[in-house]
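Chain and residue survey
Next come the chains, spelled out residue by residue.
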Amino acid sequence: MPRTLPRTAREIRLAEVPSGLPGPEHLTVAEVPLPVPAAGEVLVRNRWFQVFPSLRTLIAGGVPGTPFPPLRPGDTLFGPAVGEVVTAPFVKGFVRGTDDGGPRPGDLVAHFQGWREYAVVPVSAPLRDALPDPAAHLASGATAYAALTRIGSPACARARRCSSPGAPEASGRSPARSPGCWARHA
């Protein structure tokens, strides 16, 4: 049975630019009409989002020449997010596994419209189960995780996490000299 969608959604907005560290008093929760996707877009319900480090700079007024504009009072915060597709039109020519219908309700997609309950985002390939948890797609370590599990061995990844390059472990062995490691330290 399809889930009934609400008429409104919540999003976090900047209430005022802080003079120091931002606090709850600098943010507000706004209730807005539920966004409606256009052609080539899907409606997602955000499940996870990242509080990324640059957001602090954007809240404080930004830095000239950076790729993101500064946030002004009334702007909705944004950032990396993983959302569950709620409504998705059929997208001709989009290859998804064995069909060409694009993402379907229930699929998870990564996007940059965090800090809101629902978001309209461009059609994109659904996330696969390559990482142990969907929230891991938001971590800056996702690239390192993929490299260590697809290029190096997981045993090596565990050893590397325990000590710095060239520093001997308690056993006296360097993690780079563990069986299966693909890099050596001098």
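Described below are features of the structure shown in this document.

Cut-offs and rules
- Residues numbered from 1 in each chain as written.
- Predicted model: local features only at pLDDT ≥ 70, side-chain atom pairs only at ≥ 80, totals over all residues.
- Heavy atoms only, no water.
- Helix = DSSP H or I, 4+ residues; strand = E, 2+ residues; numbered from the N terminus.
- Buried < 20%, exposed > 50% of the residue type's maximum accessible area, 1.4 Å probe, protein only.
- Contact = heavy atoms within 4.5 Å.
- Pairing = 2+ DSSP bridges.
- Axes fitted to C-alpha atoms, helices over the stretch in contact; angles between N-to-C directions.
- Salt bridge = Lys/Arg side-chain N within 4 Å of Asp/Glu carboxyl O.

What follows is about the overall build of the protein chain. Tallying secondary structure elements over the protein chain gives three helices and six strands in all. Listed N to C, the secondary structure of the protein chain is β-β-β-α-β-β-β-α-α in terms of helices and strands. By the burial criterion, 32% of the 186 residues in the protein chain qualify as buried. Of all intrachain contacts in the protein chain linking residues separated by at least 6 positions in sequence, the fraction that spans at least 24 positions is 60%.

What follows is about the sheet that holds strand β5 (residues 108-111). Sheet architecture is open: four strands sit in the order β5-β4-β3-β6, paired in antiparallel fashion. Each edge of the open sheet is held by one strand with a lone partner, namely β5 and β6 (118-122). When strand polarity is set aside, the average angle formed by the axes of neighbouring strands in this sheet is 50°. Sheet topology places strand β4 (residues 81-87) next to β5; four bridges connect them, and they run antiparallel. Pairing of alanine 81 across the sheet is with histidine 111, part of β5.

Here we come to the pattern of salt bridges. Considering all chains together, one arrives at four salt bridges under this definition. Linking glutamate 117 and arginine 45 is a salt bridge whose minimum nitrogen-to-oxygen distance equals 3.8 Å. One end of the pair, glutamate 117, is in the loop between β5 and β6; the other, arginine 45, is in strand β3 (residues 41-49), and 72 residues separate them in sequence. As a salt-bridge pair, glutamate 84 and arginine 47 come within 2.7 Å of each other at their nearest N and O atoms. Taken together, the residues glutamate 84 in strand β4 and arginine 47 in strand β3 connect sequence positions 37 residues apart. Residue class for glutamate 84 comes out partly exposed when judged on its relative accessible area of 22%.

Most peptide bonds take the trans form, and the phi angle of most residues other than glycine is negative. We note that tryptophan 115 has phi near 70°; this positive angle belongs to a residue other than glycine. Relative to the assigned elements, tryptophan 115 resides in the loop between β5 and β6. What makes tryptophan 115 buried here is its relative accessible area of 12%.

Attention shifts here to the environment of arginine 10. With respect to the element layout, arginine 10 can be found in strand β1 (residues 8-14). Residue arginine 10 is classed as partly exposed on the basis of its relative accessible area, which comes to 48%. Separated by 105 residues in sequence, arginine 10 and tryptophan 115 place their C-alpha atoms 8.8 Å apart. Each residue touching arginine 10, except ones within four places of it in the same chain, is listed here: Val29, Ala30, Glu31, Arg116 and Glu117.

Keep in mind these values describe shape, not function.
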